[in-house]
Amino acid sequence: MARMTMVKAITAALDEELSRDPKVLVFGEDVGKNGGVFRATDKLQEKHGQDQVFDTPLAESGIIGLANGLALQGFRPVPELQFFGFVFEAFDEIAGQLARERFRMGGSRKMPVTIRSAFGGGVNTPELHSDSFEGLVAQVPGLRVVCPSGPYDAKGLLISSIRSDDPIVFLEHMKAYRSFKEEVPDDAYTLPLDKAAIKREGKDVTIITYGYMVRESLQAADQLAKEGIDAEVLDLRTLAPLDEDTILQSVRKTGRAVLVQEAQKQAGVSASVAALIAEKGILSLDAPVARVAAPDTPYPFAQAEKSWLPNKQDIIDQVKATVQF
């Protein structure tokens, strides 16, 4: 077992699956010789050859269209969209085709496509590169949306995703790529899809989040503990479908819920979680469900993103207000 960054854990997962199954294909813009814009596919073409790891033209619609056709022919495509802000160019292929192929074919075909893409702020990218559009794909029936918060989860969830027979959007937060390390097993392992994880036990309030906001939430919980507030941190891990049982069990235990997402507040994943709690757990609440999110504006230029993004202090302030309600 070695300590590694999330991007290295993703590379390790891809390497494992390319070695295990020759029908696994990794492709996208610059993923071959260059190893991808974040080097997540570094040296994979050199090891597995150009038939399994190859570059494509700069055309997101073509990348996902190719993945769709390959899946129908029995392959397990793992296409990469360099940045999820460019998902609109491929949205018809994702939502209009890929997500409904099994339905329109009466379950006679499998669609084992895992779309990898980087998203999220805090790394000073140009415009259209940091947007959090996970709420758009989480709304599409027929898609599973997976979002690891760290290296250990990233490797296990990516291997599980590639082995799944369903179409999956696998989102990797750019700030989590290299900002910290975790212990990651050397061998292949899987983690259950559609299953949330309690990252910190607590009894006073449940913080429900995903992606890099798990990191911010854990830091907030540590600070809150020094002030006598015992916060539980729940990492959704799979954004669609939601793990309703784990969410409701935690909220019933603590009686309070603070939902944290990096994306703008309007709609989004936390809105679905809030609706779930209102529908099935409202009698367990001692305070209204609260949300911490970015403002409902376009993502700002890099110079302003630090003040725009939700952070540890925002979470602390909202948790205190919820506990004191």
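What counts as what
Residues numbered from 1 in each chain as written. Predicted model: local features only at pLDDT ≥ 70, side-chain atom pairs only at ≥ 80, totals over all residues. Heavy atoms only, no water. Phe/Tyr/Trp six-rings, centres within 6.5 Å; stacked < 30°, edge-to-face > 60°. Helix = DSSP H or I, 4+ residues; strand = E, 2+ residues; numbered from the N terminus. Buried < 20%, exposed > 50% of the residue type's maximum accessible area, 1.4 Å probe, protein only. Lys NZ or Arg CZ within 6 Å of the ring centre and 35° of its normal. Lys, Arg positive; Asp, Glu negative; His and termini not counted. Salt bridge = Lys/Arg side-chain N within 4 Å of Asp/Glu carboxyl O. Contact = heavy atoms within 4.5 Å. Pairing = 2+ DSSP bridges. Axes fitted to C-alpha atoms, helices over the stretch in contact; angles between N-to-C directions.

Colleague: I'd like a description of the packing of aromatic side chains, backed by residues and values.
Modeller: Here the structure, examined in full by the defined rule, presents seven aromatic pairs. Ring plane angle 40 degrees and centroid distance 4.9 Å describe the contact between Phe38 and Tyr177, whose orientation is recorded as tilted. Taken together, the residues Phe38 in the loop between strand S2 (24-28) and helix H2 (44-48) and Tyr177 in the loop between strand S7 (168-173) and strand S8 (182-184) connect sequence positions 139 residues apart. Accessibility expressed as a relative area gives 18% for Phe38, which makes it buried. The exposure class of Tyr177 is buried, given its relative accessible area of 2%. Here the aromatic residues Phe38, Phe83, Phe86 and Tyr177 are joined through ring pairs into a cluster of three or more. One Lys or Arg, Lys23, reaches over the ring of Phe75 and ends 4.8 Å from the middle of that ring. Sitting over the ring of Phe180, Arg215 keeps its end group 3.9 Å from the ring centre.

Colleague: Outline the side chain of Glu134, listing residues and values.
Modeller: Following the sequence through the fold, Glu134 ends up in helix H6 (residues 134-138). Here Glu134 is buried and forms no salt bridge, its nearest opposite-charge partner Arg291 lying at an N-O distance of 11 Å. Apart from residues no more than four positions distant in its own chain, Glu134 is found in contact with Phe84, Phe119, Leu171, Tyr210, Leu239, Ala263 and Val269.

Colleague: Hey, could you go over the sheet that holds strand S10 (residues 205-209) for me, with residue numbers and the actual values?
Modeller: Working definition: the strands of a sheet are paired by backbone hydrogen bonds and lie parallel or antiparallel to each other. Taken together, five strands build an open sheet; the order of strands is S9-S11-S10-S13-S14 and the sheet is mixed. At either end of the open sheet lies a strand with only one pairing partner, and these are strand S9 (197-200) and strand S14 (290-294). This sheet shows a mean twist of 25 degrees between the axes of neighbouring strands, independent of strand direction.

Colleague: Describe the pairing of strand S5 (residues 114-119), naming the residues involved and giving the relevant values.
Modeller: Regular strands show a simple pattern: their side chains alternate between the two faces of the sheet. By the criterion of burial, S5 is predominantly enclosed, with six of the six residues buried. On S5, burial covers both faces: Thr114, Arg116 and Ala118 on one face and Ile115, Ser117 and Phe119 on the other are all buried. Pairing analysis gives three bridges linking strand S4 (residues 76-83) to S5, with the strands arranged parallel. In the strand pairing of S5, Glu80 is matched with Arg116. Note: S5 against S7, six bridges, orientation parallel. Bridge assignment links Thr114 to a residue of S7, and that residue is Ile168.

Colleague: I'd love a proper account of the environment of Gly49, names of residues and values included.
Modeller: Among the secondary structure elements, Gly49 is positioned in the loop between H2 and strand S3 (53-55). For Gly49, a relative accessible area of 23% corresponds to the partly exposed category.

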